[in-house]
Amino acid sequence: MAPILDDAPARRGGLTIADKVVERTAGQVLKDLPGVGGTSSGLFGIGASSSLDTRPSVDVTLSGRSCTLAVQLGLAYPTPIAEATEHVRSTLSTEVERLTGVTVRQVDISVQWLAPDSAGANRGRNRLQ
């Protein structure tokens, strides 16, 4: 006869999510948003370039099961900046919580640059409206 296993959550163990997991998840969520881009670092900061096809930078401060996100990004021009950043904040909070189970307490956004959304620069993605 097989032993009866206790599947109570307290007996199964815990789950720890690293800062890097939340950071990469947030970065991917941002990369998938139309009209949002980042800056590639280049070598020692030389040759850095900004593009709507580059993943924005995200720093995560994780405290237990909640976090604060600090985002550096660029936006397609012309874009209403206040509306665009509020959309980014809302989407980022919702998706990071859904995908990681970590509650997002705060999202600080720093818009580093604006770039014209030319026809070829953001191919296959819609403009943020």
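Residues numbered from 1 in each chain as written. Predicted model: local features only at pLDDT ≥ 70, side-chain atom pairs only at ≥ 80, totals over all residues. Heavy atoms only, no water.

The chain is annotated in an unreviewed UniProt entry as Alkaline shock family protein YloU from Brevibacterium epidermidis. Recorded in UniProt for the chain, the comment headed Sequence similarities (unreviewed entry) runs: "Belongs to the asp23 family." (UniProt positions renumbered as here; feature names shortened; annotations may be inferred.)

A. Region of the structure containing the nonpolar core. Counting 22 residues, the largest nonpolar core has Val22, Leu69, Val71 and Leu92 as the members making the most contacts within it. Elements supplying a minimum of two residues to this core: helix H2 (19-31), strand E3 (57-63), strand E4 (66-77), helix H3 (81-100) and strand E5 (103-116). Looking at this core, the element that brings in the most residues is E4, giving 5 residues. Beyond its immediate chain neighbours, meaning those up to four positions away, valine 22 contacts Ile17, Val60, Cys67, Leu69, Val96 and Val102. (Core = buried A, V, L, I, M, F, W, Y, C linked by side-chain atoms within 4.5 Å. Buried < 20%, exposed > 50% of the residue type's maximum accessible area, 1.4 Å probe, protein only. Helix = DSSP H or I, 4+ residues; strand = E, 2+ residues; numbered from the N terminus. Contact = heavy atoms within 4.5 Å.)

B. Spatial organisation of the side chain of threonine 100. One can find threonine 100 in helix H3. Residue classification places threonine 100 among the buried residues on the basis of a relative accessible area of 10%. Of the polar contacts made by the side chain of threonine 100, one reaches the backbone nitrogen of valine 102; its length is 3.1 Å. Setting aside chain neighbours within four positions, we find threonine 100 in contact with Ile17, Thr25 and Arg65. (Polar contact = N/O pair within 3.5 Å; in protein donor to acceptor, adjacent residues only side chain to side chain.)

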